[in-house]
Each structure stands twice: as C-alpha cells, then as structure tokens.
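Residue-level listing of the chains:
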Amino acid sequence: MDNSLNIIKEVENYKTLDWYKTYRGQAAIILTFIGGFIGILLGALIAFIMSYFDIIQTSVSIFSVFLAFGVSAIIGIVFGYYPARRAAKLNPIDA
C-alpha cells in the first residue's frame, strides 16, 4: 500500500512540472507531421509509378500536397493532442 502511494505522489509531482505541461502534446504533433510527410511521399511515388508504366497519366499539384498535409495535420492534432491533454489532467487513480 505504501509503495502505491509513493507512485501516485511521484505522478502528481511529475504533472506539476512546467516542461511537462509544455510538451505533453508534442509527440502527437510530431507523429502527425511525420505521417503527413510519409503519406505525401507515398502518394507521389504511386502517381509516378502509374505514369511511368502508362497505367494512367497522373500529376501531383502543389495544391493537392498542401491539402493532404493540412488534412493530416488537422486530424492528427484533433485526435492526438486534445485527448493527450485531457488525459494529462486526469487523476492517475481515475485513469
């Protein structure tokens, strides 16, 4: 029982640190940008392969790249950062 109380105290102390509050959603945002970048590269690669083998003529416009990256960023931030922020505010016992 005493050990579990010490763990809870350490978690509470960890949550009060300023750097924790600053970087709690950083992982979600970084993963979002990496995922968006990988998605854009895969899309351009598939478009190139389809054009190279004369399956269908494709082109990748800068508008479609920005649109894909923007949609990826919005989805990642909404479904990654905000749940992480809400979970960080929870009491460890309730979580």
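No experiment lies behind these values; they were computed from the predicted model shown. (Residues numbered from 1 in each chain as written. Predicted model: local features only at pLDDT ≥ 70, side-chain atom pairs only at ≥ 80, totals over all residues. Heavy atoms only, no water.)

Colleague: Any chance you could explain the overall build of the protein chain here in plain terms?
Modeller: Within the protein chain, the secondary structure is distributed over four helices and zero strands. If you list the helices and strands of the protein chain from N to C, you get α-α-α-α. Taking all 95 residues of the protein chain together, the buried fraction comes to 14%. A separation threshold of at least 6 residues defines the contact pool for the protein chain, and within that pool the share at least 24 residues apart is 76%. When the accessible surface of the protein chain is split by element, carbon and sulfur atoms take 70% of a total near 7,500 Å². (Helix = DSSP H or I, 4+ residues; strand = E, 2+ residues; numbered from the N terminus. Buried < 20%, exposed > 50% of the residue type's maximum accessible area, 1.4 Å probe, protein only. Contact = heavy atoms within 4.5 Å. Areas by Shrake-Rupley, 256 points an atom, 1.4 Å probe, with all protein chains shown as cover.)

Colleague: Is there a simple way to think about helix 4 (residues 62-89) in this case?
Modeller: Along an α-helix, a turn takes 3.6 residues, which lines up residues three or four apart on a common side. Here helix 4 is 28 residues long and its end C-alpha atoms lie 40 Å apart, about the 40 Å a rise of 1.5 Å per residue gives. Among the residues of helix 4, those classed as buried are Ser72, Ala73, Gly76 and Ala88. (Expected span 1.5 Å × (residues − 1).)

Colleague: What is the right way to look at the side chain of threonine 32 in this model?
Modeller: Following the sequence through the fold, threonine 32 ends up in helix 3 (residues 26-52). A relative accessible area of 8% means that threonine 32 is categorised as buried. Those residues in contact with threonine 32 that sit more than four places away from it in its chain are Ser72, Ala73, Gly76 and Ile77.

Colleague: Would you mind going over the packing of aromatic side chains with me for this structure?
Modeller: The geometry of two aromatic rings is summed up by the distance between their centres and the angle between their planes. Within this structure, the stated rule accounts for three aromatic pairs. Measuring from centroid to centroid gives 5.9 Å for phenylalanine 48 and tyrosine 52, while their planes differ by 25 degrees, and the two rings are stacked. With phenylalanine 48 and tyrosine 52 both in helix 3, this residue pair falls four residues apart, about one helical turn. We note that phenylalanine 48, like tyrosine 52, is exposed. Here the aromatic rings of tyrosine 52 and phenylalanine 53 are separated by 5.1 Å at their centres, their planes lie at 85 degrees, and the arrangement is edge-to-face. Classification of phenylalanine 53 by relative accessible area gives exposed; the value is 57%. Put simply, the rings of Phe48, Tyr52 and Phe53 pair up and form one aromatic cluster. (Phe/Tyr/Trp six-rings, centres within 6.5 Å; stacked < 30°, edge-to-face > 60°.)

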